[in-house]
Amino acid sequence: MNALKTDAKLTPEEIAEHTKSLVGFNYTVDDYYEIGREEVRKHAFAVQDAHPTHWDEAQARAMGHDTLIAAPTFVSVLGIIAQRRLFEDVVTGYDLWQIMQTDQRLIYHQPMKVGDQLVCDVSLDSFRHVTSPEMIDLMVTKNVIWNQRNEPVMTTYTSLAARPGMEIDPALAESLDHVMMKVDKVGHGGRTVEQEPGRYDQPDPTQSPSAYAAIDFDTLTVGQELPAKRFLLTRGNLTNYAGVAADPNPIHFSDHLVKASGMEDVVAHGMQTMGLGATFISEFIGDPAAFCEYNVRFTSPVYVPADDSAAVDFTGKVKSLDPETRQGVIAIVAKQGDRKIFGRAQAKIQFN
């Protein structure tokens with residue numbers, strides 16, 4: 001593994017040059033991730049998704065599934081494990097709490113479901129070092145996820161912005177030390193997965209999911225609006241999601257850090273708000289397993305005060321319909337007050 005191992009203080013240019021050299025580098029996460037029944041329910045609860053395919057096995061079977069399926073953004077639960085390994089052992093020189101997710105693209109090959117043992121191939125897909133108007137590194141990571149039958153499940157592209165070699169104010173560093181999670185020892189599961197020979201050189205998977213119990217294509221029209229929906233988020237919602245996603249970043253819960261860093265308030269997780277958007281779409285289409293693709297550009301965070309709820313309002317419409325494939329694109333808008341939190345958000349759906 002071509003990780004950057006040095007005790008010397010690196011310049012932003014050195015960090016950027018090393019990261020650029022890793023574009024195209026691949027590795028497979030050592031341990032598979034097994035999806036449990038209650039994990040599916042906990043994640044659905046965290047993104048306020050009451051669709052029966054995540055909760056009721058009998059109703060899931062009635063919709064064509066042999067067990068409970070995970071909500072469309074469940075990948076965030078295992079994705080953070082792969083990303084953490086990437087930035088701890090491979091793409092080094094960046095502090096995790098200073099890395100901001102800017103875009104997320106999810107390509108679905110089949111739904112994730114209870115009993116899946118998921119294997120993740122990780123790569124750095126692209127990199128760009130920008131120096132004006134401010135120095136920032138822009139990169140895209142790719143995960144290709146397979147099940148125990150060597151079938152593709154999902155391909156994800158995550159766009160990130162990071163500030164290399166950023167000097168941290170001593171007061172902020174002290175604040176971070178007070179709120180970052182501390183663990184005495186971490187257990188290791190060992191290697192349960194071996195790299196599949198030749199898989200890195202294969203073309204990306206192209207399989208698309210079936211419609212399952214999604215609504216009939218012929219009932220839809222271009223421009224048709226989805227029923228508007230409001231979600232409420234409190235600090236309790238943020239704390240619960242942080243636990244479900246195993247993401248202890250203090251910007252999601254710590255007033256102490258917020259004050260020290262000059263931020264407006266604690267913020268909801270980007271994947272939490274994306275998950276709410278998937279819940280909104282799922283209620284309309286009838287079966288969340290019919291997602292073919294879901295893309296979101298994050299433009300503004302959802303600020304959550306300590307003494308009130310944050311309201312996030314979703315609206316949407318059918319953007320396009322393809323009678324040959326019976327697929328359609330749904331575009332959604334998410335706002336906190338008058339402020340848009342997504343710059344672009346849309347999902348491609350396979351209808352019946």
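Up top is the structure these notes are about.
Residues numbered from 1 in each chain as written. Predicted model: local features only at pLDDT ≥ 70, side-chain atom pairs only at ≥ 80, totals over all residues. Heavy atoms only, no water.

A. Structural view of the overall build of the chain. A tally of helices and strands in the chain yields eight helices and twelve strands. Taken over C-alpha atoms, the radius of gyration comes to 20 Å for the chain, in line with the 20 Å a tight globule of 352 residues would show. Principal-axis analysis of the C-alpha atoms places the extent of the chain at approximately 60 × 55 × 40 Å. Every one of the 352 residues in the chain was classed for burial, and the buried ones make up 51%. Of all intrachain contacts in the chain linking residues separated by at least 6 positions in sequence, the fraction that spans at least 24 positions is 76%. For the chain, the accessible surface area stands at approximately 16,600 Å², while carbon and sulfur atoms represent 50% of it. Positive and negative side-chain charges in the chain, numbering 32 and 48 respectively, have mean positions lying 3 Å apart. (Helix = DSSP H or I, 4+ residues; strand = E, 2+ residues; numbered from the N terminus. Rg over C-alpha atoms; globule rule 2.2 N^0.38 Å. Buried < 20%, exposed > 50% of the residue type's maximum accessible area, 1.4 Å probe, protein only. Contact = heavy atoms within 4.5 Å. Areas by Shrake-Rupley, 256 points an atom, 1.4 Å probe, with all protein chains shown as cover. Lys, Arg positive; Asp, Glu negative; His and termini not counted. Charge placed at Lys NZ, Arg CZ, Asp CG, Glu CD.)

B. Molecular detail of the packing of aromatic side chains. One pass over the full model with this rule turns up seven aromatic pairs. With a centroid separation of 5.5 Å and 90 degrees between ring planes, the pair formed by Phe 231 and Phe 314 is classed as edge-to-face. Pair noted here: Phe 231 is in strand E7 (residues 229-233) and Phe 314 is in strand E9 (residues 310-322), with a separation of 83 residues, a long-range link. We classify Phe 314 as buried; its relative accessible area is 0%. Here Lys 229 stacks its cationic end above the ring of Phe 231, 5.2 Å away from the centre of that ring. (Phe/Tyr/Trp six-rings, centres within 6.5 Å; stacked < 30°, edge-to-face > 60°. Lys NZ or Arg CZ within 6 Å of the ring centre and 35° of its normal.)

C. Structural view of the pattern of salt bridges. Scanning all chains against the criterion turns up 19 salt bridges. Measuring nitrogen to oxygen at the nearest pair gives 3.8 Å for the salt bridge that ties Arg 344 to Asp 103. Note that Arg 344 is positioned in strand E12 (residues 342-350) and Asp 103 in strand E3 (residues 100-108), a separation of 241 residues in sequence. You can call Asp 103 buried: its relative accessible area is 16%. We note a salt bridge from Lys 229 to Glu 283, for which the minimum N-O separation is 3.4 Å. Here the residue Lys 229 occupies a position in strand E7, and Glu 283 occupies one in helix H8 (residues 270-285), the gap between them amounting to 54 residues. A residue is classified by how much of its surface remains accessible, and Glu 283, at 48% relative accessible area, is partly exposed. Each member of the salt-bridge network shares a partner with another, and the members are Arg 37, Glu 38, Arg 41 and Glu 57. (Salt bridge = Lys/Arg side-chain N within 4 Å of Asp/Glu carboxyl O.)

D. Highlighting helix H2 (residues 37-46). Along H2, the residues classified as buried are Val 40, Arg 41, His 43, Ala 44 and Ala 46. At its buried positions, H2 is contacted by helix H4 (75-90), helix H6 (235-245) and H8. A positive backbone phi angle near 55 degrees is found at Gln 48, which sits one or two residues after H2.

E. The nonpolar core, seen in detail. Counting residues in hydrophobic clusters, the biggest one holds 79 residues, and the most contacted among them are Met 112, Ile 281 and Tyr 294. When residues in this core are grouped by element, the largest group, eight residues, is from H8. (Core = buried A, V, L, I, M, F, W, Y, C linked by side-chain atoms within 4.5 Å.)

F. Focus on H6. Within the sequence span of H6, burial applies to Arg 235, Leu 238, Tyr 241, Ala 242, Val 244 and Ala 245. Between a side-chain oxygen at the N-terminus of H6 and the backbone nitrogen of Gly 236 the separation is 3.1 Å; the capping residue is Thr 234. Ala 246 lies just past H6 and shows a positive phi near 55 degrees. (Polar contact = N/O pair within 3.5 Å; in protein donor to acceptor, adjacent residues only side chain to side chain.)

G. How the structure looks around the pairing of strand E10 (residues 327-336). Across the ten residues of E10, seven count as buried, placing the element largely inside the fold. Count of turn residues in the E9/E10 antiparallel hairpin: four residues, of which Arg 326 carries a positive phi of about 60 degrees. Relative to strand E11 (residues 339-340), E10 runs antiparallel, the two being bridged by two bridges. Residue pairing in the sheet places Gln 336 in a bridge with Arg 339 of E11. Adjacent in sequence and paired antiparallel, E10 and E11 are bridged by two residues, among which Gly 337 carries a positive phi angle near 65 degrees. (Pairing = 2+ DSSP bridges.)

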